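# Analysis of the macromolecular model
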Amino acid sequence: MLALSVIGILSAVISVHGNGQIQSEFGRPVQQLQSTGAPWPQPQTMTSATVTFPLADPSTFRIYQKSQTLCPVLDQAFARYFNIIFFGTPEMSEEEKLMKLRDMRQHGRFWNASLHGKNLVALMGLSVNISDCSEMFPSLESSENYTLDVSEPFASLTAHSQWGALRGLETFSQLVYESSLAMLVVNKTSITDFPRFAHRGFLVDTSRHFLPMDILLQFLDAMAYNKLNVFHWHIVDDQSFPYQSKEFPYMSQKGAYSPHYVYSQSDVQRVISYARDRGIRVVPEFDTPGHTQSWGSVKGLLTPCEDKSGKPTGDYGPINPILNSTYAFLKPFFQEIFKVFPDSFIHVGGDEVSFDCWKSNKDIQNFMAKMGYGQNYSKLEAYYEKRFLGIVEDLLAKPIVWQEVVDNGVQVNLDTVVHVWKQPWQSELNNVTKKGYKALLSTPWYLNQGGNPYGQPWRQTYDIEPLKFNGTAAQKALVFGGEACMWGEYVDATNVIQRSWPRGCAVAERLWSAENVRDVNEAASRLAEQRCRMVRRGLKAEPVTGPGFCEFPGSN
């Protein structure tokens, strides 16, 4: 990985302003400060010396597994990170590598015994030692802890699982930088690291705008570079149904924008596999009973809206909660979803349920009277959720619901996770955890809302403290993570990466690093480096910290 240092600064006297920007005495803005070889997110504990080790030539540098445990995930990761460290990108053809190596050797990028002799001691490789590689997929309970010691002749990475090793590999790749002599070097460093929160997610919406596979895979790469570990796939919604069901293929045939905008079963498996290889869980969301207009191909599933005379208007509302046929469909459909997606959690929505159509429907009115609900349609919603969540729980799946389910008085199983997205989030977290539910936070991290870039909104994103709400220590222990969200009304393949990154990095550090890592100005220099790092790896992450450039060809 090339160093991303500041160059081209005028020789005039300079001063650092409160926003982290360098300014000359002539008032001309100069390059944003960047750190050099600083990891993002910041590790829990890290000591680094001024002693540096140049990397040995790629022909002799090795990343290898010291333990005898077979671990295909790590074998792939070693090749990927070898390319990132030496060539700046995870994938490169052999021909491109040879050309690049020839150029790098000519410019003295690596330690060479004949040139440097004993004056420099080279780092010959990275040994990785794990004690367990039995998990096929990462889970909420998986260990991501690791220790990393960088000292000659070999750096050492130790972790309990392959998932922790993946996090350590990412950190090691970020420690490597280009010295003033243009050599790839790394400082003598010792790191002990682990995540503060177990669930560190990013919601991506593929219903409002379909996102092609290459974009989804790039997004997963970006998540891995920032140690996020849950891809919340909001795969369908009112606007389109791009999921190709095995049991109900007509749903995407009639509900997708076009036959070209559908995720086949092989596409879904590719996303799951690609995510797993990067230590990322895939949690799908199939939101019900609202947000289901694209499910209309299922006969009788949606509620027909009626006028005052009882005649159908031609419009449809949420899923019809009073019909047994509704639950007869939902059971096999979610059986399929739970088989296709290996994670034990599934997001089942429950937000923004409009009661207007239910209120207009005579059959539902009669059902309300029969059940003694009066005009309280929240009770009807609770009736639906009780029956539906019973189906989900019978599958041994762990449901995640949006906060309205609990806000509307539904008494759900305490194993249900409540996802908070409304303001004021502090009082909502207090309310949810007081009832004994585990919670996830997203309210302050709706990155699709953008904001004025001149205000550097990433700073407000970074400044959020998820546990800063009135509640006991026991309540706060129930908040086990959070998610950034990128809703798709105004993003598609042309801008979803730019809109999400590097602002998503701010959420990633808040959820991984220690609570006292809060200095936003210090973070700005590391974020500038992380953004350039991501750009060099092929991601079109936008600049968010002010004027500047990334020090490599074609990136600014």
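Structure shown above.
A few points on the structure. (Residues numbered from 1 in each chain as written. Predicted model: local features only at pLDDT ≥ 70, side-chain atom pairs only at ≥ 80, totals over all residues. Heavy atoms only, no water.)

Cis geometry marks the peptide bond from Glu-152 to Pro-153; its omega dihedral reads 0°. Within the secondary structure layout, Pro-153 lies in the loop between strand E7 (146–150) and strand E8 (154–161). Omega for the peptide link from Gln-423 to Pro-424 comes to -10°, which places this bond in the cis form. Examined against the element boundaries, Pro-424 turns out to sit in the loop between strand E18 (417–420) and helix H13 (425–434). Despite not being glycine, Glu-352 has its phi angle at roughly 50°, a positive value. With respect to the helices and strands, Glu-352 occurs in the loop between strand E16 (345–349) and helix H9 (356–360). Since its relative accessible area comes to 46%, Glu-352 is described here as partly exposed. (Helix = DSSP H or I, 4+ residues; strand = E, 2+ residues; numbered from the N terminus. Buried < 20%, exposed > 50% of the residue type's maximum accessible area, 1.4 Å probe, protein only.)

Mapped onto the secondary structure, Leu-511 falls in helix H17 (residues 503–512). For the pair Leu-511 and Arg-200, spaced 311 residues apart in sequence, the C-alpha separation works out to 6.2 Å. Filtering out sequence-adjacent residues up to four positions away, Leu-511 remains in contact with Arg-196, Phe-197, His-199, Arg-200, Gly-201, Trp-445, Pro-466, Gly-481 and Gly-482. (Contact = heavy atoms within 4.5 Å.)

What follows is about the side chain of Glu-483. By the element assignment, Glu-483 lies in strand E20 (residues 479–486). One buried charge, Glu-483, has no salt-bridge partner; the nearest side chain with opposite charge is Arg-281, at 7.7 Å. With residues near it in sequence (within four places) discarded, Glu-483 still touches His-199, Gly-201, Phe-202, Leu-203, Val-230, His-232, His-419, Leu-440, Leu-441, Ser-442 and Trp-445. (Lys, Arg positive; Asp, Glu negative; His and termini not counted. Salt bridge = Lys/Arg side-chain N within 4 Å of Asp/Glu carboxyl O.)

Soluble globular proteins: nonpolar side chains tend toward being buried together. The biggest cluster of nonpolar side chains holds 152 residues, and the ones touching the most others in it are Leu-169, Phe-231, Phe-286, Trp-295 and Trp-501. The residues contacting Leu-169, other than those within four sequence positions of it, are Ile-63, Leu-74, Ala-77, Phe-78, Tyr-81, Leu-126, Val-128 and Leu-157. Counting residues in each nonpolar core, the second largest holds eight residues, with Val-283, Phe-345, Ile-400 and Phe-480 among its members. (Core = buried A, V, L, I, M, F, W, Y, C linked by side-chain atoms within 4.5 Å.)

Let's shift gears to the pairing of E16. Across the five residues of E16, five count as buried, placing the element largely inside the fold. Of the two faces of E16, the one holding Phe-345, His-347 and Gly-349 and the one holding Ile-346 and Val-348 are both buried throughout. Of the strand pairs in this sheet, E16 and strand E17 (residues 398–402) are connected by four bridges, and their pairing is parallel. By the bridge assignment for E17, His-347 is matched with Ile-400. (Pairing = 2+ DSSP bridges.)

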